[in-house]
Amino acid sequence: MSRLEAKKPSICRREPLTGERAGARLAALRGLLTSCYGPAGRLKQLHNGRGGPVAATSHSAALLAGLPVSHPVLKVLTAAVRNHVACFSDGGLFTAILCCNLVENVQRLGLTPTTVIRLNKHLLSLCTRYLKSEVCACRIPVDFGSTQILLSLVRSILTSKPACMLIAKEIDHISTLILKAFLLTIPENAQEHIILGKSIIVPLKGQRVIDSAVLPGILIEVSEVQLMKILPIKKSDSFKVAVFCVSLSGDLSDTGEGTLLVSYGVSLENAALDQLFNLGKQLVSDHVDLVLCQKVIHPSLKQFLRTHQIIAVDRIGVSLMEPLSKVTGTQPIGSLGSISPSSYGTVKDLCIAKFGCKHFFHLIPNKATVCSLLLCNRNDTAWDELKLTCQTALHALQLTVKEPYVLLGGGCTETHLVAYIRHKTRNEPESVLRDERCSQTELQLITEAFCSALESLAGSLEHDGGEVLTDGKYGHFWSVQANLPSAVNWPDLPSRCGCGLYSSQEELSWSFLRSARHPFRPQTCLSHEAKGSANTLTLDCFTAKLSGLQVAVETASLILDLSCVIEDTN
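Residues numbered from 1 in each chain as written. Predicted model: local features only at pLDDT ≥ 70, side-chain atom pairs only at ≥ 80, totals over all residues. Heavy atoms only, no water.

Draft legend 1. Spatial organisation of the sheet that holds strand β4 (residues 139-141). Overall, antiparallel pairing links the 3 strands, which are arranged β4-β15-β19 in an open sheet. Looking at which strands have only one partner, the edges of the open sheet turn out to be β4 and β19 (539-541). When the angles between neighbouring strand axes are averaged without regard to direction, this sheet yields 40 degrees. When strand β15 (residues 405-408) meets β19, the two strands line up antiparallel, connected through 3 bridges. (Pairing = 2+ DSSP bridges. Helix = DSSP H or I, 4+ residues; strand = E, 2+ residues; numbered from the N terminus. Axes fitted to C-alpha atoms, helices over the stretch in contact; angles between N-to-C directions.)

Draft legend 2. Spotlight on the sheet that holds strand β11 (residues 345-347). Strand order in the open sheet made by the 4 strands is β10-β9-β8-β11, with mixed pairing throughout. Each edge of the sheet is formed by a strand with only one pairing partner; in this case those strands are β10 (311-313) and β11. Along the sheet, successive strands turn relative to each other by an average axial angle of 30 degrees, direction set aside.

Draft legend 3. Structural context of the layout of surface pockets. In this model, the largest pocket occupies a volume close to 840 Å³. Lining the largest pocket we find 41 residues, and of these Gly 38, Pro 39, Ser 160, Leu 461 and Asp 540 sit closest to its centre. Elements that contribute at least two residues to the lining of the largest pocket include exactly α4 (92-107), α6 (148-159), β17 (477-480), β19 and α17 (542-560). Per element, the largest residue contribution to the lining of the largest pocket is 6 residues, and it comes from α6. Every residue lining the second largest pocket is counted, 27 residues in all, and those nearest its centre are Ser 199, Ile 200, Ile 201, Val 202 and Leu 320. Per-element accounting of the lining of the second largest pocket gives the leading share, 6 residues, to strand β5 (residues 198-205). Of the residues that constitute the lining of the second largest pocket, the class distribution is 13 nonpolar, 8 polar and 6 charged. (1 Å grid on protein atoms, 1.4 Å probe; cavity = no way out; pocket = protein on both sides within 12 Å on 5 of 7 lines; lining within 4 Å. Points joined across faces, edges and corners; volume = space filled by probe spheres on them. Nonpolar A, V, L, I, M, F, W, Y, C, P; charged D, E, K, R; others polar.)

Draft legend 4. Molecular detail of the nonpolar core. One finds Leu 77, Leu 98, Ile 174, Ile 178 and Ile 421 to be the most contacted residues of the largest nonpolar core, which totals 113 residues. Per element, the largest residue contribution to this core is 10 residues, and it comes from α4. Residues Ile 220, Leu 292, Leu 324 and Cys 376 belong to the second largest nonpolar core, which totals 30 residues. (Core = buried A, V, L, I, M, F, W, Y, C linked by side-chain atoms within 4.5 Å. Buried < 20%, exposed > 50% of the residue type's maximum accessible area, 1.4 Å probe, protein only.)

Draft legend 5. Quick peek at the pattern of salt bridges. Following the criterion strictly, the structure yields 13 salt bridges and no others. We note a salt bridge from Asp 172 to Arg 155, for which the minimum N-O separation is 3.1 Å. One end of the pair, Asp 172, is in helix α7 (residues 168-184); the other, Arg 155, is in helix α6, and 17 residues separate them in sequence. Look at Arg 155 and you get partly exposed, because its relative accessible area is 25%. In this structure, Arg 378 engages Glu 170 in a salt bridge whose closest nitrogen and oxygen atoms are separated by 2.5 Å. With Arg 378 in the loop between β14 (370-377) and α12 (380-402) and Glu 170 in helix α7, the pair connects residues that are 208 residues apart, well separated along the chain. You can call Glu 170 buried: its relative accessible area is 9%. Among the ionic contacts, a cluster of salt bridges with common partners joins Glu 414, Asp 540 and Lys 545. (Salt bridge = Lys/Arg side-chain N within 4 Å of Asp/Glu carboxyl O.)

Draft legend 6. Representation of the side chain of Ser 511 within the structure. Within the secondary structure, Ser 511 sits in strand β18 (residues 510-512). Owing to a relative accessible area of 16%, Ser 511 belongs among the buried residues under this scheme. Discounting residues that sit within four places of it in the chain, Ser 511 has contacts with Val 468, Leu 469, Thr 470 and Arg 517. (Contact = heavy atoms within 4.5 Å.)

In structure tokens:
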């Protein structure tokens, strides 16, 4: 079709970061995300001008999905963070805020992007090597013979999302359920390479959080009318199951633009019903006990199966097909032709369950690697946030199996890294100056910008006007209330550091965060006693945080290296 208007030339914008518009928008995004960070973060209300649902959240996945951005720099940043969250679920706000801090800090220096990117890459490798080393004092190995560290990790993730609206008792209950659901997905005879099962989150809104539960197997919601038609079956052995992913409604397939030739006197509806009844007869002869269909089952076929003591449940949906394959041990049947005996699966038991006002058909597997987390909360908004947070916690546990470590949370890993980097670059600068071909001044400027970005990120955890301190022994994060009297006794103020590992009763010296201080070497290697107190700690997922650190630095380098943006305005 011919154009109604002439095609407009593309717009080329040079130095996209130098304009005031880009700086203001980057600062606005940083301010918005910073205000949501941590357990005391403020919630954001998401809604559009055309109506629709309203959500209150501080979760990065929900925020970035509902936040329209138009500037190219912000598009690059949000795309990188959303991709990180899609892969690791956790650490979205950490990644985005750190990236914004790095870009803003470096812009003020006036150094060439090449030098900045090269030195930032070196500082990143310094951080990752230390975090992966055995002497790292903010990394704790996970002992899978105990649940302490895993429970602390889950509890820390739940506590960081205030929109879940949970009290302490509910946080403990949900943390225990999440860990139980995760453990049920691990095969009993786990080998070196294990394949984890699946946890299905089943919604039950408007109920008490404490009523949430975990059940092995799958819960399939059914109406009360369907429930009345399901006949009770009792067997001493397992139940034979047929799972269909094809429609059993008898409808004709869409022929598209083709032509369907039908012989004279042939009824398509009757032919389809005959095919369904032939299928039903085979199911009866093969002694099938349960038929599950992703789509619709014809009422006549349902009645036929019911008369032969076969339970039929339809409209299950595509989301349960994969879990059903794991529970029954077979692949869904995709045709109406003759069925091979190997296409049937089995389950250990069938029963009816009722939670709140909902009825469920409960399939109990022979080997439980699939479980259902029945999740309750007071209202839709709180339930949606809790669901996202539970998914994040389950994913964090899965990542911990792959890399069995956790990092100290509460800002302590960030401030400890700052102390380590400053000491390392101040006392061992020769190798950096030689390898990166930079001056001593450039190294100090970039190091200070990098450390300041991490300190600002840690300081974002304080939202109530309090003072943030660091100690001179461990380099940990400490928070105290604002406007303190001059004659205050410092050891009496912060009872424990941000992660909860150390107490203020030790002989420690403090300084304000981001204040001038002589670099010191923070104590490395956690003591055995410190590792033993893991049940009271605030922890972060090791894999997610390490990836977030890498994504933040690499995305900041990409943004700083942008020389022009070509935009098609048509």
